[in-house]
Structures are given as structure tokens and as C-alpha cells.
Amino acid sequence: MKLSNETKIVVLGAYNSGKTTTLEQICYNRAKVEYNGTTTALDYGSTMINGEKVHFFGTPGQERFRFMRRILSEGLDGAILVVDNSKGITSTDQEILGRLKEFKVPYVVFSNKQDLNSNNLEIDSDAPVIPTIAQDGEGILDGVETLLEIIKS
Ligand SMILES: Nc1nc2c(ncn2[C@@H]2O[C@H](COP(=O)(O)OP(=O)(O)OP(=O)(O)O)[C@@H](O)[C@H]2O)c(=O)[nH]1
Ligand SMILES: [Mg+2]
């Protein structure tokens, strides 16, 4: 059970899956560190949901920045794994899933880019899979609320 009334959520996933776009839909106040459109350090944003402050940290997807996932995941309460549904689960996603299960982190999966491919995502996970179109905001807030419910339960 979670005691603090502030929540930290980390947005994980492979290169170009839509993590930064997802965070931009959730948070009004935000910052990002990118070069040529790819995250090189982190995204950060916060918002109030049902009267509680929720902090979001977006990670880089490129494997050369994978050490940032560990740094940004310190003290997390929950995670969102953003998968590009037109590509499916990548080796980066597999590695992230392994860690989430190992450390029993509450998480949801966003099967993003439903506009490109709306087939069911094939994934070895019991976590809720939420279809999203990040650039249009579709499914995003429902997915975040689902995650917050899991964190509180
Ligand atoms: N068609 C489509 N494109 C999307 C969607 N969400 C994001 N994109 C596009 O996918 C590209 C990558 O989006 P980002 O949000 O930068 O992805 P990212 O996961 O942060 O990428 P890295 O930080 O490089 O790992 C951009 O061109 C987005 O506009 C979606 O739902 N549908
Ligand atoms: Mg990014």
C-alpha cells in the first residue's frame, strides 16, 4: 500500500514508441531534453489527478542511453510501458518487462500508434494493455487512471 500522497511514474519503452508524446498529453507543465527529436536524457512533467500530485519521468528509448532508465526509475511507484503497436514487443521492451516483474512494479502497457496498427498486442504480461494514439491523446488518461488504481490497491 502506498502512503505518500505524491506519486512517481516512469514512462518506459523502446526507441520512438511515443513516450515523449504520451507525457506531453498528460502534463501541462513539462520539460524535455532531446536532440534531433529523440530523448537524450529525460522528460519530466507533473499534473494533479483527483487532487493528488503525480510526477512523470520519461526515459530515452535508445539503447545507448539505457543507464538513464535505472537512474530515473529510482523510487518509482508505477510505470507505463509504451509499445509501438506497429512494431510489437522489441528486445528493449522484453528487458524492461523482465525488470518490472522482477521488482514487482505496478505497471500498465500502452499499445500505442493504434492508427497505424490496431491488432491486439502479443505480450507475455498480466498487466492491463491499453490501446492509445498518443499524438491525439486517445486512451492516455484512461490508462493513467488505471495505473493509479493499481498503485493504490
Ligand atoms: N502515427 C502515430 N505516430 C505517433 C503516435 N505517437 C507518437 N507518434 C510519433 O512517433 C514519433 C516518436 O514519438 P516520441 O514521442 O518522440 O517517441 P519516444 O518514445 O519519446 O522516442 P525516443 O525518446 O527517441 O525513444 C514522433 O514522430 C511522434 O509524432 C501515434 O499514436 N501514432
Ligand atoms: Mg522521447
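A quick note: this is a predicted structure, and the numbers were derived from the prediction, not measured. In this numbering scheme, every chain counts its residues from 1 along its sequence in written order. Naming scheme: in the order in which they are written, chains are lettered from A and ligands are numbered from 1. Totals for whole chains, interfaces and linings use all residues, but because this is a predicted model, local features are given only for residues with pLDDT of at least 70 and pairs of side-chain atoms are given and counted only at 80 or more. With hydrogens and water excluded, all non-hydrogen atoms of the structure serve as input to the side-chain values.

Focus on the environment of G139
A helix here means a DSSP run of H or I that spans at least four residues, while a strand means a run of E at least two residues long, and both kinds are numbered starting from the N terminus. By secondary structure assignment, the location of G139 is in the loop between β7 (129–131) and α4 (140–152). Separated by 117 residues in sequence, G139 and T22 place their C-alpha atoms 10.0 Å apart. In what follows, a contact means two residues having at least one pair of non-hydrogen atoms within 4.5 Å. Contact partners of G139, with chain neighbours within four places excluded, come to I130, P131 and T132.

Comments concerning the coordination of the magnesium ion (ligand 2)
Coordinating N, O and S atoms are those within 2.8 Å of the metal (3.2 Å for Na, K and Ca), and as water is not part of the atoms, a site may appear to have fewer donors than expected. Around the magnesium ion (ligand 2), the protein supplies T20 (OG1) and T39 (OG1) as donor atoms, at distances of 2.0 to 2.1 Å. Taken as a pair, T20 in helix α1 (residues 19–26) and T39 in strand β3 (residues 38–49) lie far apart in primary sequence, 19 residues in all.

Comments concerning the site of ligand 1
Every one of the 19 residues lining ligand 1 counts as a neighbour, but K19, T21, T38, T39 and D115 are closest to it. Any pair of nitrogen or oxygen atoms within 3.5 Å is treated as a polar contact; in protein, a donor-acceptor pairing is required on top of that, and neighbouring residues in sequence qualify only through side-chain atoms on both sides. Within the contact set of ligand 1, a nitrogen atom lies 2.8 Å away from a side-chain nitrogen or oxygen of D115. Calculation of accessible area relied on Shrake-Rupley with a 1.4 Å probe; when residues are assessed, cover is drawn exclusively from the protein chains displayed. When isolated, ligand 1 has an accessible area of 650 Å², and the protein chains bury 82% of it. Where the shell around ligand 1 is concerned, the elements lending two or more residues are α1 and β3. If one sorts the elements of the shell around ligand 1 by residue count, α1 sits on top with 3 residues. Its residues assigned to classes, the shell around ligand 1 comprises 5 nonpolar, 11 polar and 3 charged. Residues are counted as near a molecule or strand when any one of their heavy atoms sits within 4 Å of it. Under the convention adopted here, Pro, Cys and the residues Ala, Val, Leu, Ile, Met, Phe, Trp and Tyr are nonpolar, Asp, Glu, Lys and Arg are charged, and Gly plus all remaining residues are polar.

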